[in-house]
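Structural overview
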Amino acid sequence: MLKGSPNLETLTLSQSGPAGAPTDWHSERPGDGLSDILELPIKTLVLSWLKPEYVGPLMRRIALPQLTSLTLEFDDADYTEFVRQLTGPATGVSNQNVLGNQAPIQSLLMRLEDFKIASLPCDLQCIDLIYSQLVDLKHLSLACNFVDELFFKKLTNPISGASNAPVAITPDLTAVATEPLFYLPQLISLRTSGISGPVMRDAVLARKAAGIPLRAVYMDEEDEVTDTQAQWFRRNLETFERFEASDEEDDDDIFDEDSDDGMQEDDPDDSMVQ
């Protein structure tokens, strides 16, 4: 079915996928084995409620050279090994550059522009592994009611140690070391639930001071934001909106980079708003 869908752009696997255990998967064509890799043209992938012993082998069987958007929503298991798999070489990517020389292989995460983490139980060291790969990420969504608070805190804390610094890959697959002050240097849009107004304000100020300002922030209506704080966000961001967490929203609308509102300068006392 997937091979017969060359125009497929979005694939959602929620408690679904190939039947049976990974050891049972096989091609129906004679002579094909478990090493077969299926390359898909999709740009958006949603993985939810899949066990780690299932989703890991599944992703090893799928090559996604055009993927730019990923959503992960897992629970009740340890996905540390799966995270390490995602931060390793992407399935189907050659490590030969245009000159035929060996070059670092890109991970799947290094291609992402949009990333939603709804729930991802894993070792806390995995957060550094994930964020160090997101060198081109522009839009991040965090369900902070269900993920560890460090996923948010590391967006506003300087990177500790050069070993965690991201590595950029040029078009010819040449690695260029970069050492930004913060993770996700290209991030312009942040969508959260479980974050209060003062905490988000501090994050906006911290990234602006580091020279990598956020342009848009979307916060859950259930989270505490006073009218004064909301006014501050609208003065200091191109876009500030509240959303209902239960709503199924169109990501293209949520992460619209265009805005009718121009970035405004801070008032002298803006940073003191409580």
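What comes next is a walk through the structure. (Residues numbered from 1 in each chain as written. Predicted model: local features only at pLDDT ≥ 70, side-chain atom pairs only at ≥ 80, totals over all residues. Heavy atoms only, no water.)

Describing the nonpolar core
If you look at the biggest cluster of nonpolar residues, it comprises 61 residues, and the most contacted ones within it are L47, F115, L120, Y131, L140 and F151. With residues near it in sequence (within four places) discarded, F115 still touches L70, L72, L109, I130, L134, L137, H139, L140 and S141. (Core = buried A, V, L, I, M, F, W, Y, C linked by side-chain atoms within 4.5 Å. Buried < 20%, exposed > 50% of the residue type's maximum accessible area, 1.4 Å probe, protein only. Contact = heavy atoms within 4.5 Å.)

Structural notes on the packing of aromatic side chains
Geometry of an aromatic ring pair is reported as the spacing of the ring centres plus the angle between the planes. Applying the stated criterion to the full structure yields 7 aromatic pairs. Where Y131 meets F151, the ring centres are 6.1 Å apart and the plane angle is 80 degrees; that geometry is what we call edge-to-face. In this pair, Y131 sits in helix α3 (residues 125-133) while F151 sits in helix α4 (residues 150-153), placing the two residues 20 residues apart along the sequence. Each ring, one from W232 and one from F233, has its centre 5.4 Å from the other, and the planes form 75 degrees; the classification is edge-to-face. Under the relative-accessibility criterion, W232 is labelled buried at 1%. (Phe/Tyr/Trp six-rings, centres within 6.5 Å; stacked < 30°, edge-to-face > 60°. Helix = DSSP H or I, 4+ residues; strand = E, 2+ residues; numbered from the N terminus.)

Let's talk about the side chain of T87
Along the chain, the position of T87 falls in the loop between α2 (80-86) and β6 (114-119). Note on T87: relative accessible area 15%, which makes it buried. From its side chain, T87 meets the backbone oxygen of R84 in a polar contact 3.1 Å long. Apart from residues lying up to four places away in sequence, T87 is in contact with S107, L109, L129, I130 and Q133. (Polar contact = N/O pair within 3.5 Å; in protein donor to acceptor, adjacent residues only side chain to side chain.)

Let's talk about helix α1 (residues 52-60)
Along α1, the positions that sit buried rather than exposed are Y54, V55, G56, P57, L58 and M59. Those residues of α1 that are buried are in contact with β1 (10-14), β3 (44-48), β4 (62-63) and α2.

Re helix α6 (residues 227-236)
Residues Q229, A230, W232, F233 and N236 constitute the buried set of α6. Each buried residue of α6 lies within a common arc of 160 degrees when the element is viewed along its axis, so the set occupies one face. On the buried face of α6, the contacting elements are α5 (197-209), β11 (216-220) and β12 (239-243). (Arc of directions from axis to C-beta.)

A closer look at the environment of L11
With respect to the element layout, L11 can be found in strand β1. Each C-alpha atom of the pair L11 and V46 lies 6.3 Å from the other, and the pair is 35 residues apart in sequence. When neighbours within four sequence positions are excluded, L11 is seen to be in contact with L2, L40, I42, T44, L45 and V46.

A closer look at the environment of G197
With respect to the helices, strands and loops of the structure, G197 is situated in helix α5. The spatial distance from the C-alpha of G197 to the C-alpha of Q229 is 6.3 Å, given a sequence separation of 32 residues. Setting aside residues no more than four positions away along its own chain, G197 makes contact with M219, E224, V225, Q229 and F233.

Some thoughts on the pairing of β6
Bridge count between strand β5 (residues 69-73) and β6: 5 bridges; the pairing is parallel. Within the sheet, the bridge partner assigned to L70 lies in β6 and is F115. With respect to chirality, the unit in which β6 leads through α3 into the neighbouring parallel strand β7 (residues 139-143) is right-handed. (Pairing = 2+ DSSP bridges. Right-handed = clockwise from strand over helix to strand, strands pointing away.)

A few points about unusual backbone geometry
Phi angles above zero are rare outside glycine, and W49 is one such case at about 55 degrees. Of the residues examined, W49 reaches a relative accessible area of 38% and is grouped as partly exposed.

What about the packing of α5 against α6?
Running from N to C, α5 and α6 point in directions that differ by 20 degrees, and their axes come no closer than 10 Å. Between α5 and α6, the crossing angle belongs to the class labelled roughly parallel. For the crossing formed where α5 meets α6, the hand is left-handed. Contacts between α5 and α6 pair G197, P198, M200, R201, V204, L205 and K208 from the former with Q229, W232, F233 and N236 from the latter. Broken down by class, the residue content of the contact of α5 with α6 amounts to 6 nonpolar, 3 polar and 2 charged. (Axes fitted to C-alpha atoms, helices over the stretch in contact; angles between N-to-C directions. Parallel < 35°, antiparallel > 145°, perpendicular 65-115°, else oblique. Left-handed = near helix turned anticlockwise from the far one by under 90°. Nonpolar A, V, L, I, M, F, W, Y, C, P; charged D, E, K, R; others polar.)

Considerations on the pattern of salt bridges
Pairs can form between side chains of opposite charge whenever their charged atoms are close. According to the stated counting rule, one finds 5 salt bridges in the structure shown. Between E81 and R84 there is a salt bridge, and its shortest N-O distance comes to 2.8 Å. Taken together, the residues E81 and R84, both in helix α2 and 3 residues apart, mark about one turn of the helix. The class for E81 is exposed, based on a relative accessible area of 55%. Taking relative accessible area as the criterion, R84 reaches 39% and is therefore assigned partly exposed. The salt bridge involving D202 is made with R201; its shortest N-O contact spans 3.1 Å. On the accessibility criterion, D202 (42% relative accessible area) is partly exposed. (Salt bridge = Lys/Arg side-chain N within 4 Å of Asp/Glu carboxyl O.)

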